[in-house]
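Residues per chain, in single letters:
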Amino acid sequence: MLIDFFKQLIFKQQKMTDRNSIKIEFAVQISGERCAEEVQSALTGIGQVQIDVAKGSVLVDTATPWIEIQRKIEATGRKAVLSGFGGQSAVSMVDHGNESSNVRGVVRFCAISADKPGTVVDGVIDNLAKSRPYKLNVHECGDISAGCDSVGDVYDSADISSDENGRATVRFVNDKLAVWDLIGRSVVVAEADSKKRLACGIIARAAGIFENYKKICACDGVTIWDERDNPLAGGNRGEQKSAL
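Residues numbered from 1 in each chain as written. Predicted model: local features only at pLDDT ≥ 70, side-chain atom pairs only at ≥ 80, totals over all residues. Heavy atoms only, no water.

1. Remarks on the side chain of arginine 171
On the secondary structure map, arginine 171 appears in strand 11 (residues 168-174). Arginine 171 gets classed as buried once you look at its relative accessible area, which sits at 15%. For arginine 171, the side chain forms a polar contact with the main-chain oxygen of threonine 64, separated by 3.0 Å. Those residues in contact with arginine 171 that lie beyond four places of it in its chain are Asn20, Ser21, Ile22, Ile24, Thr62, Ala63, Thr64, Pro65, Val120, Val121 and Asp122. (Helix = DSSP H or I, 4+ residues; strand = E, 2+ residues; numbered from the N terminus. Buried < 20%, exposed > 50% of the residue type's maximum accessible area, 1.4 Å probe, protein only. Polar contact = N/O pair within 3.5 Å; in protein donor to acceptor, adjacent residues only side chain to side chain. Contact = heavy atoms within 4.5 Å.)

2. Observations regarding the nonpolar core
Counting residues in hydrophobic clusters, the biggest one holds 27 residues, and the most contacted among them are Ile24, Phe26, Leu43, Val58, Trp66, Ile69 and Ile73. For this core, the elements supplying multiple residues, two or more each, are strand 1 (22-28), helix 2 (33-42), strand 3 (57-62), helix 3 (66-74), strand 4 (80-85), strand 6 (104-111) and strand 7 (119-126). Core analysis: the next-biggest nonpolar cluster, separate from the first, contains 23 residues, Val121, Ile160, Leu198 and Ile203 among them. (Core = buried A, V, L, I, M, F, W, Y, C linked by side-chain atoms within 4.5 Å.)

3. Structural notes on helix 3
The complete set of buried residues in helix 3 reads Trp66, Ile67, Ile69, Gln70 and Ile73. The buried residues of helix 3 occupy one face: seen down the axis, they fall within an arc of 160°. (Arc of directions from axis to C-beta.)

4. With respect to the state of the cysteines
For the coordinates displayed, the defined rule picks out one disulfide. The residue that forms a disulfide with cysteine 148 is cysteine 200, at a sulfur-sulfur distance of 2.4 Å. Between cysteine 148 and cysteine 200 the sulfur-sulfur dihedral comes to about -100°; the bridge is accordingly left-handed. Taken together, the residues span a long stretch of sequence, with cysteine 148 in strand 9 (residues 145-148) and cysteine 200 in strand 13 (residues 197-206) at a distance of 52 residues. Assessed through its relative accessible area of 5%, cysteine 148 is described here as buried. (Disulfide = S-S within 2.5 Å.)

5. A short note on unusual backbone geometry
Despite not being glycine, serine 131 shows a phi value in the positive range, around 50°. Here serine 131 lies in the loop between strand 7 and strand 8 (133-139).

6. Thoughts on the sheet that holds strand 12 (residues 186-191)
Strands sit in the order 10-8-12-13-5-6-7-11 across an open sheet of eight strands; the sheet is antiparallel. The open sheet terminates on both sides in strands that have one partner only, identified here as strand 10 (154-161) and strand 11. Ignoring strand direction, the axes of neighbouring strands in this sheet form an average angle of 20°. Sheet topology places strand 5 (residues 89-94) next to strand 6; six bridges connect them, and they run antiparallel. Note that in strand 6 the partner of alanine 90 across the bridge is phenylalanine 109. (Pairing = 2+ DSSP bridges. Axes fitted to C-alpha atoms, helices over the stretch in contact; angles between N-to-C directions.)

7. Re empty space enclosed by the protein
Tallying each qualifying case throughout the model produces two cavities of 30 Å³ or more. Empty space within the largest cavity amounts to approximately 60 Å³. Every residue along the wall of the largest cavity is listed here: Phe109, Val121, Leu136, Asn137, Val138, Asp156, Ala158, Phe172, Asn174, Leu177 and Val187. Only strand 8, strand 10 and strand 11 provide two or more residues apiece to the lining of the largest cavity. The element best represented in the lining of the largest cavity is strand 8, accounting for three residues. In terms of residue class, the lining of the largest cavity is built from eight nonpolar, two polar and one charged. (1 Å grid on protein atoms, 1.4 Å probe; cavity = no way out; pocket = protein on both sides within 12 Å on 5 of 7 lines; lining within 4 Å. Points joined across faces, edges and corners; volume = space filled by probe spheres on them. Nonpolar A, V, L, I, M, F, W, Y, C, P; charged D, E, K, R; others polar.)

Okay, here's the thing in structure tokens:
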């Protein structure tokens with residue numbers, strides 16, 4: 001009941017402020033008030049920031065993409081892991097069907113309202129060609145048994161573009177999408193001209209803020225700090241890799 005109350009409060013606050021602004025929660029390695037002050041200083045100007053030293057939690061109400069906030073926190077020398085995203089949320093790990101392109105990323109969806117369509121889309125896609133236009137598509141289904149060829153037709157489409165490093169940082173509001181209708185569908189990154197599908201991922205439910213206080217994975221004992229730099233799954237989770 002208390003969690004439901006907080007969710008409704010979040011939705012009401014979002015309606016009264018910028019529609020592109022949502023609450024994002026990070027688990028951060030904070031060891032005291034001095035650490036908290038350094039993190040607070042690093043996040044100056046991006047929105048409202050609340051830090052709970054005891055829980056190692058940083059809560060930010062912002063219109064800034066989550067990847068940029070994470071980068072600012074980690075610039076202070078502390079690891080940060082996204083642990084909660086708005087109220088009703090969903091996420092797609094875009095890392096399937098990319099054997100030839102190596103395109104991969106994470107796209108998150110957050111409901112603006114508890115009972116009406118309207119979604120903040122926030123994500124990052126890497127390994128694209130530099131400074132090129134692309135399509136970020138939601139497809140009808142989440143069947144990736146044949147890679148990106150089996151996910152059905154396009155359900156919704158948005159234009160995105162890569163920067164000079166081949167990264168697309170995404171943050172926009174889609175008034176037609178509803179988070180509850182996205183679960184089980186898929187995200188596809190495609191070339192703008194040829195429509196060639198470069199990578200895809202199933203859309204699954206994600207934790208909202210106040211819903212995830214995990215510090216260690218019960219399945220294999222990997223902490224969230226180690227997991228920040230490790231493969232998502234498999235026997236090589238102890239090996240380092242570039243993480244989003």
